[in-house]
Structure formats: structure tokens, C-alpha cells
Amino acid sequence: MPDKIDYASVLNPAQLEAVTTLEGPVLVIAGAGSGKTRTLIYRVARLVETGVDPESILLLTFTRKASQEMLERAAGLADPRCRFVSGGTFHSLAHRVLRGHAERIGYDNAFIILDRSDMEEIIHSLVPELRMPKGTPRFPKRSTLANILSKAANLQVPLEPFMASEYAQFIEFVGPIETLDALYARYKKLNQMMDYDDLIINFRRLLEENEDIRHDLGLRYLYIMVDEYQDTNAIQADIVKWLGQGHRNVMAVGDDCQAIYSFRGADYRNMFEFPERFPNARVLKLEENYRSTQPILTFTNALMAPALEQYTKCLYTKREGGEPPKVVDTRTEPEQALYVARRIKDEMGRGRPITDFAVLFRAGYHSFELEAELTRQGMPYVKYGGFKFLESAHIKDFLAHLRVLASRDDAVSWVRILRLIKNVGRARTHAVIQWLKESRAPLQQVDQWPGAGKRLSGFKPLAELFSSLSAKGVTPKAAADQVMAYYVPFLEARFDDHPRRRKELDQLITMAGRYKKLRGFLDDLTLEPPASSKDLGAGDAGETLTLSTVHSAKGLEWPVVFIIWVMEGRFPPGHAFNDPMSLEEERRLMYVAATRAKDRLIMCYPGQEFVPSWSSCGSGAGHRNGLSSFIRGIPPDVLSHEAAGARFGETITEPWQGGHAGVRGGAEPGAGDLASGDRVRHPAFGPGVISRFIGDDKVEVFFRNAGRKLLHLEYTTLEKM
DNA sequence: CATCACGCTGTTTTT
DNA sequence: CAGCGTGATG
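Calculation rules
- Residues numbered from 1 in each chain as written.
- Chains lettered and ligands numbered in written order.
- Predicted model: local features only at pLDDT ≥ 70, side-chain atom pairs only at ≥ 80, totals over all residues.
- Heavy atoms only, no water.
- Helix = DSSP H or I, 4+ residues; strand = E, 2+ residues; numbered from the N terminus.
- Buried < 20%, exposed > 50% of the residue type's maximum accessible area, 1.4 Å probe, protein only.
- Arc of directions from axis to C-beta.
- Contact = heavy atoms within 4.5 Å.
- Pairing = 2+ DSSP bridges.
- Axes fitted to C-alpha atoms, helices over the stretch in contact; angles between N-to-C directions.
- Parallel < 35°, antiparallel > 145°, perpendicular 65-115°, else oblique.
- Left-handed = near helix turned anticlockwise from the far one by under 90°.
- Nonpolar A, V, L, I, M, F, W, Y, C, P; charged D, E, K, R; others polar.
- Core = buried A, V, L, I, M, F, W, Y, C linked by side-chain atoms within 4.5 Å.
- Domains from an automatic or database assignment.
- Polar contact = N/O pair within 3.5 Å; in protein donor to acceptor, adjacent residues only side chain to side chain.
- Salt bridge = Lys/Arg side-chain N within 4 Å of Asp/Glu carboxyl O.
- Phe/Tyr/Trp six-rings, centres within 6.5 Å; stacked < 30°, edge-to-face > 60°.
- Lys NZ or Arg CZ within 6 Å of the ring centre and 35° of its normal.
- pLDDT = per-residue confidence, 0-100.

## Overview of unusual backbone geometry
Positive phi, close to 55 degrees, is recorded for Q192, a residue that is not glycine. Topologically, Q192 is positioned in the loop between α9 (174-190) and β5 (193-195). One non-glycine residue, N423, lies in positive phi territory at about 65 degrees. Mapping N423 onto the fold places it in the loop between α18 (411-419) and α19 (426-439). With a relative accessible area of 57%, N423 lands in the exposed category.

Rendered as C-alpha cells:
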């Protein structure tokens, strides 16, 4: 057992208070890089140290990776028993509980979980039932339909008003989409399926309606911690409320400035409602930053200063020195790729390892050009986010064969399986699925399928596969091996790069070897999927550069961070980007990206207005590249502005021309009664005037340098002047 | 009935 | 680029 921890020597006072306040509700408002993870780790250690059973501690995070890493660290530094803390995502907890009590909400305990692509395919397959007149123009495509239904479900709002405000371009289709929603719900119920949203919604319902389950869970999880609380939605907040209702030992940790999941219904206002849900909650703020240099923090403070609505803190560091971040106009995308690659090579020449760098961007496809350049230069990289590893065709094909073993009538998987076979198209696929449903015959009777025999010799290998798989007690590993043997010919015929894909499938099989039950393997893949092929573990790719979407980079840090930014200016009418709130999310996204940097931050953007390639440009009209207004307004002493052409051996530095925006440093917090018209000073935003009160806990203030703000008095320090 | 060539269209991020 | 629907061809 390691030595007893001297908490006061490893934590700052705010962190210490968070760690040692074990009983009762606590809200921790934790700025980026403020040692939030560290605090959670020590708190887990502390709880275990005081004799709390690790299994009765629940740590809810947004990714399983995050919770695993946290618990590993806690186990390493304090008590190995920390490994047994119950950790996971809302979805995995919901799954665990629902598996035991599905009958309470009218489901079978063997229900199937649908991932996003399953959801899309089912929705797509239901569209014909809407009987839309042929050639209906611009009916949303399946991914859009899934987005609409999913978000409305998460926000718990009726489709009509929701679409009117967020999908105005499709409002003409509300009727059909409402029907589709009902069809989809019926289909799921009929086939014992739950999608991600259902897991959460049904979990809440289970808690709401069943006092005994609430009671049991209350005893099971005596201490609850929720990380990234700003990214929870209203339903998840309810779940936390129900789980913590009895003992009230709930700690929520989050940062409203890092709220970047509103697209799936998350609402950072949950943070400010926490004290209402848990009266007398202790509110703690972590404001000291341990990650970045002061110039980087000065920039991020300036970035957030004009944000329309925010409530919290002001970051500072004791770290000395550092260079101001830089924004570079690279003119075009190819030049941007060249610029980033060369800068990294330069720095590596000066002795930095490649693992010191990360390149971040908003959307997966924003890195295409860079990936091409890195490949040309032979620079190894791993990309996180964007395209899903599990959504690539070969993985889906492969898993489909396993999935029908676990759930025989999984129509989505059957479509994949059957379409591989020559001379099987829509009609025959449909016939076979229908037959399977009605006959209830064992799978290996493939030769009786409609259309089998005669010309369709393609069914034979499939028959053999299923007859060997139907043997009793086939392990997931054995099943996967056999599917592999069957699938390889298709793989080789279909993909030029089959060797690479085969390796990935081999890794998947290795993973299957860790499971006793096929269902468990498939569920884990759905709920806690590997983020990239590298995450599968086997055969580490070695020293590589990291490319990542901002969403996937959350919680991580690197010494040198490059951000490539494409501000897309032209979208269809009614598009969300016309909405100021979306722009605000874009701002927070930029904030999350920038606060990943420890020492150096370089942002670049292809400034040329219209680029005729799809990676940055849309149909005909073209997308407008360039800096968002909230970057453009930042003065050169905070963010140095630069332009670089292709031959930036001759870097052109242009004088900065822009407006002004300001964040000036802080005064000490003060107290006193406030009223409309009062002149006040905010530590980050400087002098301002209170324009009005909203309720009695919010004020609207006009700051001379930072414009209009909505401030929560409870979380803000305003000094009367 | 399956397949293929062609033209059209276009937000994104994840559990 | 890529996913989708359409209409001609085998």
C-alpha cells in the first residue's frame, strides 16, 4: 500500500476543498486545465481511503476511456482498489440497469442496442412507407432524419416547433417526419430495439416510475461524481437527480465555456440548475490553470470575453514566459497543409518529439488535405474523430454475420450479409428476410431460402458457415474466426486495400477473444467503441502525430497545438449557422481547441475566399473561408497575425488591421447590493453598467470593452464602482 | 431482377 | 468526394 497521501501538498486550496468535501451535493466549476481530472482522481482516492467501498462510488464520464484512465491513475497513485470504482458513461449505466429491468418498461431483457448507423438504416428503410409522391425534391437524407429525430427526443420537444426553429429548411416535411417518428418507434418496439436515445430516456422512465429501483440504486451507488456536467442534457440531469435523491452525495464537475454538445441536446444551463435540484449545494471554482502559458490564457480569455452568455471564472496561471499564439493566413488549403507539415518538421529538427504535436479541427474532413501531405512526406499520424472506425464497410459487413447470431431477425444485418452475394439484390434480400421472419427456421437451412438452390450457388458457403456456427457453445472468438474465413474472399474482391482492412478485422477478433458471450462483445462495441483502429490495442503504431477533431480532443493536452479552421459561410437558407447560438458554440469549440495547448498555439486558416474543392467548398456557391469574427477582433499583442504563402521561406507579414475587443485584467471581488444603472467592474471584463435584472439572480451588464453579458450573480464577482 | 453508368447535391461534431 | 436515386442494359 502506498504512503498516505498528503492532500494539502499536492492540491491547491480549491481543489483540496473539492477533494475533502465528501458528503452532500457539490458543484465544481472547473476551468480548462485547472486540474479537474486530478481533483476527481484524488477525491476517489480519498473516498476509498476513508473506507468507502469502491464499488459504491459511481463515476460518470462521457467516454469510457476517460473513466478508465482516471481510475487507473487513482489506483496507481493511491489505492489499487480504486480500479473497482464503478465507472462509465450514462449510456453504459443505463444499459446495465435496463438489462435487468427491461420488463418494467415493456421490453424483453434481451433487447438489442442500435448504434447510429443502425438507426439511420432503419429510418431509411421506413421512408418508403411514407408514400411520398415520386420525385419529391429535397426530402432530408437519412443522416439528417436521424439527427432531427434524435435531437427532438433528447430535447423532449414536439417535432413541429423544434423543426420550425432548427430545421426550417425542411419544415414542409413535418407531417411525413412525424409519421416517420411514429413508424420508427413502432419498429423498435416490435423488434425489441433501443437506440442511444432510448437507453437514456427509458432509464429515466425506469427511475421515475419505480421507487424500488431508485431505492436499490441509491444503496448501490452511495457517492456519485459526474464529469463534464455541462454536456449533460435535461434527461441526464434528471437521472442524476434520481440517483442522488436519497443520500445527496453528488458531485457535478464542469465548465460552461466548454459546452460543445448542444447538437445532441446538451444544455450547459444544467450546471446552474444544479443548486436548485440539490439545495444547499456547495459551489466551488477552480480557476488556476496548470496547463498553458499566460499568453495562451490571455488569448483564450479574450476569445471568450465577448461571448453572449457566460457565468463563470477567469483563468490565470503562475507559469512564467511563453510566446503569444499566432494566427496565420495560409491562403489556400494545400498551402495550409504544407505549412503545418513544415512547421512540425522544423520543430522536430529542434529536438521536439513528434508526440508533442497535435493538429485539431472542427470536422473530420477538414484534415483531408493535411493527411495527403503527411502521407507524401512519410510522417506517421493517427486520426481521432470524424469517420468512425466501426462504420467502415468491412467492419460493418463482418459484424453483421455475428449480429444475426445474437439476434436472428436483425434485418439491417441481413441486408449487409445478403448483398455481398452475387445476383442478390433488393427483391431477393427482402424475400429472404421475410421468409426468415415467418418460418422461424434455423439459420443453417439456407438451402430452403427463397431463390436458393438452382442458379444461386452463392448461398452455399453461407449455409456452411451457419451450420458450423450453430453448434452449441461456440465462443465469440471461434465464431469470429469462422466469419473471417467466410468473409475474406468478399473482402479481397471488394477492396483494393484489403491487407489493411484484414489487419483491423484480426484485431477485432482478438478483442472478441476477451468475451464469453457474443452479446456482451457486440454491446460493448456499440456502447464503448474504439475511437480508432489504434485503440484496438494490438500492434501499437509507435510514435505518431495526433490529428483529431476538437470533440475527440476534449480533456487532452499537447505541448504544441495547431488548429486548422475553416469557417464555412454559405449554407442553405435557414441553416443553423445563421443562428447566433451556433456561432457561440463555434466560439466555445475554438476555446476548447485552444486550451489544449501547453506551450505553443498556432492557428491557421485558408484565407482565400472561395476554394473549388469539396473539402472546403460546397455546391457551386462555394464556401467562404476565413476567420470567425471572434478571432478577427483580437488585437495583435494578444494574438499575432501573420500571412504565409506557399513559399513561406519568404513569409509575408502583413500589418494587422482589425477592430478592437478587450479583456483587461482583474480587480478583487467585492460585495454589496446591486441595482440597475450601477457602475460595476468585473475581474475579466472590466468596467460596465448594469442594464437590468433578470429574475433576481441574473443581471445583464454592458461592459465598455466586452459588450453585453448575461451574468449569474451567484457565480460572478462584480465589484461596485 | 441485378447491375452499372450517370447526374445531382451538399454541416459538422458523438454516446 | 461520396452517397443517393434514376434509367438503360444484361
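Anyway, onward from the coordinates.
## Some thoughts on helix α2 (residues 13-20)
Every buried residue of α2 is accounted for by Q15, A18 and V19. Along the long axis of α2, the arc covered by the buried residues comes to 95 degrees, so they all point the same way. Tucked into the core, α2 has its buried residues touching α1 (7-10), β1 (26-30), α3 (36-49), β7 (250-254) and β8 (282-286).

## A few points about the pairing of β1
Across the five residues that make up β1, a large majority, five, are buried. Side chains V26, V28 and A30 of β1 all project onto a buried face; the interleaved residues L27 and I29 project onto the opposite face, where all are buried too. Looking at chain direction, β1 and β8 are connected through five bridges and run parallel. Across the sheet, L27 pairs through a bridge with V283, a residue of β8.

## Digging into the packing of helix α8 (residues 159-166) against α9
Two numbers describe how α8 lies on α9: the axes approach to 10 Å, and their chain directions differ by 130 degrees. Judged on the interaxial angle alone, α9 and α8 are oblique. Crossing of α8 against α9: the hand is right-handed. Facing α8, whose interface residues are L159, E160 and M163, α9 presents V174, I177, E178 and D181. Considering only residue class, the contact of α8 with α9 consists of four nonpolar, no polar and three charged.

## Brief notes about the nonpolar core
Counting 74 residues, the largest nonpolar core has F398, L399, L402, W414, W449 and F521 as its most contacted members. Among the elements that take part in this core, helix α21 (residues 476-494) stands out by supplying nine residues, more than any other. When we break this core down by domain, the ones giving at least three residues each are domain 2 (112-191) and domain 4 (389-514). Residue contacts for W449: discarding those within four places in its chain leaves W414, L418, V432, W435, L436, L443, F459, L462 and F466.

## Some thoughts on the side chain of N289
Mapped onto the elements of the fold, N289 is located in the loop between β8 and α14 (294-304). Within the structure, N289 has its side chain in polar contact with the backbone nitrogen of R291 (distance 2.7 Å). Those residues in contact with N289 that lie beyond four places of it in its chain are A32, G33, S34, L297, L315, Y316 and T317.

## So, the domain arrangement of chain A
The assigned domain composition of chain A is domain 1 (7-96 + 199-288), domain 2 (112-191), domain 3 (293-387 + 531-625 + 633-657), domain 4 (389-514) and domain 5 (667-721). Look at where the C-alpha atoms of domain 1 and domain 2 centre, and you get two points 33 Å apart. If you look at the interface, domain 1 gives 11 residues, while domain 2 gives six residues. For the interface between domain 1 and domain 2, the tally reads zero salt bridges.

## Looking at the packing of aromatic side chains
Taken as a whole and assessed by the stated rule, the structure comprises 11 aromatic pairs. Relative to F274, the ring of Y229 has its centre 5.7 Å away and its plane inclined at 85 degrees; by these criteria the two rings are edge-to-face. Within this pair, whereas Y229 is found in the loop between β6 (223-226) and α12 (234-244), its partner F274 is found in helix α13 (residues 269-277), the two being separated by 45 residues in sequence. Taken individually, Y229 and F274 each receive the classification buried, so the pair is uniform in this respect. Each residue in the set F62, Y261 and F263 is aromatic and connected to the rest through ring pairs, giving one cluster. Over the face of the ring belonging to F111 we find R99, whose NZ or CZ atom lies 4.3 Å from the ring centre. Lying across the ring of F495, R501 places its NZ or CZ 3.9 Å from the centre.

## Quick notes on the sheet that holds strand β2 (residues 57-61)
Each strand in a sheet pairs with another by means of backbone hydrogen bonds, the pair being arranged parallel or else antiparallel. In spatial order, the strands read β3-β2-β6-β7-β1-β8; together these six strands make up an open sheet with parallel pairing. Each edge of the open sheet is held by one strand with a lone partner, namely β3 (86-89) and β8. Sheet twist, expressed as the mean angle between neighbouring strand axes with direction ignored, is 15 degrees. For β1 and β7, the ladder comprises four bridges, and the chain directions are parallel. Following the sheet pairing, V26 is matched in β7 by M251. Packed onto the sheet, helix α4 (residues 64-77) meets β2 and β3 and runs at close to 135 degrees relative to β2. Most of the contacts of α13 go to β1, to which it runs at about 155 degrees, and overall it touches β1, β7 and β8.

## A few points about helix α20 (residues 459-469)
Taken as a whole, α20 has its buried residues at F459, L462, A463, L465, F466 and L469. Angular distribution of buried residues about the axis of α20 spans 160 degrees; they occupy a single face of the element. Structural note: α20 exposes K460 and E464 on the side pointing more than 90 degrees away from its buried face. Buried-residue contacts for α20 involve α17 (393-406), α18, α19 and α21.

## Notes on the confidence of the model for chain A
Mean pLDDT over chain A works out to 81, with 83% of the residues at or above the 70 mark. Counting interchain partners and residues more than four positions distant, the pLDDT-below-50 stretch residues 569-578 has 16 contacts. Across residues 646-672, confidence stays below pLDDT 50; counting only partners more than four residues off in sequence or on other chains, it has 48 contacts.

## Concerning the environment of S262
For S262, the location among the structural elements is in the loop between β7 and α13. The exposure class assigned to S262 is partly exposed, which follows from its relative accessible area of 29%. Apart from residues no more than four positions distant in its own chain, S262 is found in contact with K151 and E585.

## Things to note about the sheet that holds strand β15 (residues 640-643)
Overall, parallel pairing links the seven strands, which are arranged β11-β12-β10-β13-β14-β9-β15 in an open sheet. Every interior strand has two partners, whereas the edge strands, β11 (381-384) and β15, have only one. Taking each pair of neighbouring strands and ignoring which way they run, the sheet shows an average axis angle of 20 degrees. Sheet topology places strand β10 (residues 357-361) next to strand β13 (residues 558-564); four bridges connect them, and they run parallel. Within β13, the residue paired with V359 across the bridge is F562.

## Looking at the pattern of salt bridges
Scanning the entire structure with this criterion turns up 43 salt bridges. In this structure, R494 and D397 form a salt bridge, with 2.7 Å as the shortest nitrogen-oxygen distance. Separated by 97 residues along the polypeptide, R494 in helix α21 and D397 in helix α17 bring together distant segments of the chain. Owing to a relative accessible area of 45%, R494 belongs among the partly exposed residues under this scheme. Residue R403 is joined to D410 by a salt bridge in which the shortest nitrogen-to-oxygen separation is 3.5 Å.

## Concerning the packing of α20 against α21
Put simply, α20 and α21 touch, their axes get as near as 10 Å, and they point 170 degrees apart. On the basis of the axis angle, α20 is roughly antiparallel to α21. Contacts between α20 and α21 pair P461, L462, L465, S468 and L469 from the former with A479, Q482, V483 and Y486 from the latter. Tallied by class, the residues present in the contact of α20 with α21 amount to seven nonpolar, two polar and no charged.

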